[in-house]
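Per-entry structural report
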Amino acid sequence: MTVRTGPGQRGFGNGDRVAPEYLDVIDRFLARAAERPADPAILGQGTELSYSTVERRVRAIARALAQIEAPRVLIALPPSADAYASILATGLVGGYHTPLNLSAPVTKRRRIAQVLEPDIIIGDAGALSEFRGSSPGAGAIYLDPAAIADDDLFEGAGTRHHTAYVIFTSGSTGTPKGVVISRDALNHYVAWLSTLGYGPGDRVSQQPNLGFDISMTDIFGALCYGATLCPLESDADRLTPARFVARHGITVWNSTPSAISLMMRARQVTSKNLASVRLFNFCGEPLLREHLDALFAARPDARVQNTYGPTEATISMTALELTPDNFENLCDTSVAIGDPIPGMAYELVGGPDPDRGEIVISGPQVADGYWNDPDQTATKFRELPDGRRGYFTGDWAERRDGQVYFRERIDFQVKVKGYRVELDEVAAAIRSCGWPVACVFKWDESLAAVVEELPDRALDERQLKLELSQLIEAHAVPERVLGIAHMPRSENDKLDRQAAAQWFGTNV
Amino acid sequence: MSLTTSDIYDALAEIFREVFPRASAPPQPDTTSADVPGWDSLGHVSMIGEIEDRFGIEFRPEEYVEFESVGELVTLIEAKLT
């Protein structure tokens, strides 16, 4: 078994945790605000907010949060200065936060609130009304940032909680799974972000939704290193990201590769649109050769970096620099994932040889576990033969010519358009719509499903899709659903997903 | 040469066949994204890219989200062509 570790670090001695020698993200932000208070921190609604203005906002929100000791804070705000200030304020007062994706269906947002049982929910009046009266939020304090004035401020450097945040991903039983990330883990990641060279003068895009952990690359990359954070605030911006880049002179772009697909389809990957970008950083799904062909054709001189990492390893834990000269040798079915960053390690486990297997991650960025779920935690976070603690990703990979390539998900957790979806969660949603027998599978770049028709009820595909869109995210709603008289089953009477997918392929 | 509304629908039908190969019928004025398999955000920007090329026009970012139906899209295209 070959352990791949980051440069300068071979193994971790006798523990699975490196001493927390890295600066805290909150202290980094406060230091930037003290050093260069007039520099622009956030560009929102067409206005630049300085570091001192944002610090004031952080301290005002912190004052309101500090009424609870070590508050557990649910943030239900769109990408905006108040959302970023709420994240920093929570950390400052010794709390931890959960960011919500506001484009997720309301039922899913409520489920997250029910599982988390937050002390405080921050949102505008509309968002807060979604939680009021639903059981979890009943005991929570509701804060609308619009009602928080900047005259009553939290003073000093505050305290820090062990936990930084809990991010919820798709869960197999239909209950969202909370990944618990420590401050040490986050601080380790943000220390590595210095290698991306963020600094004053940089304009950093903020494209991923706040419920997706790669949004934190932008937030902490910008605000911990003195750059300007520029959120994509409208649907129009999100559909035309290359135009957004051109309009705001973005210098660092970070997203899933899907955003580049969007730019490509809109025919907007041009040297003119992307002229200001010095670094493209990718995470969250396989980067493809076509993305690099398009980017380097437009910007052969830009720095392009691929990274890999599940939420459970704190955003990302590998890095691979790509150039017009080297990238063709680093492309297989997708671009290689690269070497671990310093301090982190991964190995390929359980395959037929040391060059094939499941990616198992170890090092200080590995999550503490799943929120209130010791069984799942024990299943996915296990001790390795040498005593280190490993996260078993479920991602299958292969090493070829010294490079490691992502192959596929081992279980039924798939990526659709860059989003992580558990097929079982989609099937559970279909069942809750009154179709007790359903199979869901990947179909090209989307999902498709087969449901067993009922004696008294024929399938209305459009109606079912409509109902599903109220229960699960749009990307998780199958693009096509077909009715079948009898669902294929295996010999032990389990639904045969593969046979169902085959039947679908010949009948669609 | 000026294009009639019917010319625009003919061109859109061709673009739909290319961008949304799974669509079962040509686009009608009341067709929306919910009616067309594959009309998601990627499909949306692909369609607009094709339309821009075909008609030699350009959509501003806010116009990407200005129309709900094919009928409203055609009105937008007509306004740009005049």
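This text follows the structure it describes.
Procedures and definitions
- Residues numbered from 1 in each chain as written.
- Chains lettered and ligands numbered in written order.
- Predicted model: local features only at pLDDT ≥ 70, side-chain atom pairs only at ≥ 80, totals over all residues.
- Helix = DSSP H or I, 4+ residues; strand = E, 2+ residues; numbered from the N terminus.
- Rg over C-alpha atoms; globule rule 2.2 N^0.38 Å.
- Buried ≥ 20, exposed ≤ 12 C-beta atoms within 10 Å, placed from the backbone.
- Contact = placed C-beta atoms within 7 Å.
- Pairing = 2+ DSSP bridges.
- Axes fitted to C-alpha atoms, helices over the stretch in contact; angles between N-to-C directions.
- Nonpolar A, V, L, I, M, F, W, Y, C, P; charged D, E, K, R; others polar.

Before going further, it helps to examine the overall build of chain B. Of the regular secondary structure elements, chain B holds three helices and zero strands. For chain B, the sequential pattern of α-helices and β-strands runs α-α-α. A compact globule built from 82 residues would reach a C-alpha radius of gyration of about 12 Å, and chain B, at 12 Å, matches this within 12%. The principal-axis extents of the C-alpha atoms in chain B amount to approximately 30 × 25 × 20 Å. For chain B, the residues scored as buried account for 23% of the 82 residues in total. For chain B, the share of sequence-separated contacts (at least 6 apart) that also reach a separation of at least 24 residues comes to 53%.

Here the focus is the sheet that holds strand β26 (residues 446–452) of chain A. Residue and element names in this part refer to chain A. Within the open sheet, the three strands sit side by side as β25-β26-β27. Their pairing is mixed. Each having just a single partner strand, β25 (438–443) and β27 (480–484) make up the two edges of the open sheet. For this sheet, the mean angle separating the axes of adjacent strands, direction not counted, is 20°. Summarising the sheet, β25 and β26 pair through six bridges and their orientation is antiparallel. The partner of Trp-443 across the bridge, within β26, is Ser-446. Running at roughly 135° to β25, helix α13 (residues 423–432) makes contact with β25 and β26 of the sheet.

All names here are of chain A. Here strand β18 (residues 356–362) runs beside strand β21 (residues 389–400); their pairing, made up of six bridges, is antiparallel. Across the sheet, Ser-362 pairs through a bridge with Gly-390, a residue of β21. Here three bridges tie strand β20 (residues 381–383) to β21, and the two strands are oriented antiparallel to one another. Bridge pairing links Arg-382 to Gly-390 in β21.

This brings us to the interface of chain A and chain B. Facing the 13 residues of chain A at the interface are 13 residues of chain B. Mapped onto the side of chain A that touches chain B, the elements with two or more residues apiece are α8 (235–239) and α10 (257–265) of chain A. Here the side of chain A that touches chain B takes four residues from α8(A), the largest share from any one element. Class assignment of the residues belonging to the side of chain A that touches chain B gives a composition of four nonpolar, two polar and seven charged.

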